Amino acid sequence: MRSQSGLQKDVLNLYKRALRIARTKPVETRAKFDILIRYTFRTQAASVSPRQISAIEHLLRKTKRQLEIYEAPLVKDCYVSQEMKEWNRAFRREQDLSNS
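Quick caveat: nothing in here was measured; it's all calculated off a predicted structure.

(A) Representation of the pattern of salt bridges in the model. Tallied over the full model, the rule gives three salt bridges. Among the ionic pairs, R17 bridges to E71, the shortest N-O distance being 2.9 Å. Within this pair, whereas R17 is found in helix α1 (residues 6-23), its partner E71 is found in helix α3 (residues 53-71), the two being separated by 54 residues in sequence. Among the residues examined, R17 registers a relative accessible area of 23% and is labelled partly exposed. Judged by its relative accessible area of 39%, E71 falls in the partly exposed class.

(B) Region of interest: the layout of surface pockets. Roughly 600 Å³ of internal volume is contained in the largest pocket. In this structure, the largest pocket is lined by 21 residues; those nearest its centre are L7, Q8, V11, A45 and I56. Broken down by class, the residue content of the lining of the largest pocket amounts to 13 nonpolar, six polar and two charged. Each pocket or cavity is described by its volume, and for the second largest pocket that value is around 170 Å³. Lining the second largest pocket are A18, I21, F33, L36, I37, T40, F41, T63, Q66, L67 and Y70.

What counts, and where the lines are drawn
- Residues numbered from 1 in each chain as written.
- Predicted model: local features only at pLDDT ≥ 70, side-chain atom pairs only at ≥ 80, totals over all residues.
- Heavy atoms only, no water.
- Salt bridge = Lys/Arg side-chain N within 4 Å of Asp/Glu carboxyl O.
- Helix = DSSP H or I, 4+ residues; strand = E, 2+ residues; numbered from the N terminus.
- Buried < 20%, exposed > 50% of the residue type's maximum accessible area, 1.4 Å probe, protein only.
- 1 Å grid on protein atoms, 1.4 Å probe; cavity = no way out; pocket = protein on both sides within 12 Å on 5 of 7 lines; lining within 4 Å.
- Points joined across faces, edges and corners; volume = space filled by probe spheres on them.
- Nonpolar A, V, L, I, M, F, W, Y, C, P; charged D, E, K, R; others polar.

Without other data, these values stay purely geometric and don't point to any function.
Okay, structure coming up:
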């Protein structure tokens, strides 16, 4: 297996940090944070080519700033749009089919 580039490691570390932040939120809203995180990372990953280094770096900086906001203890909930909910349902259905 090929080793990961520094940029790939940065993206994975940011994703892990986002998931850890979601675990600090109230139980009632964790699912919403999980949807927001997965949707954000998956749609952003699909929107850029792996060769577009500057675009990936920009998305990393933008996402880091967003996470700093969500990390605040006063943030207890987040908005999940209907599009995100539909994406999550389709993603879950796809996962269930691939696990069958």
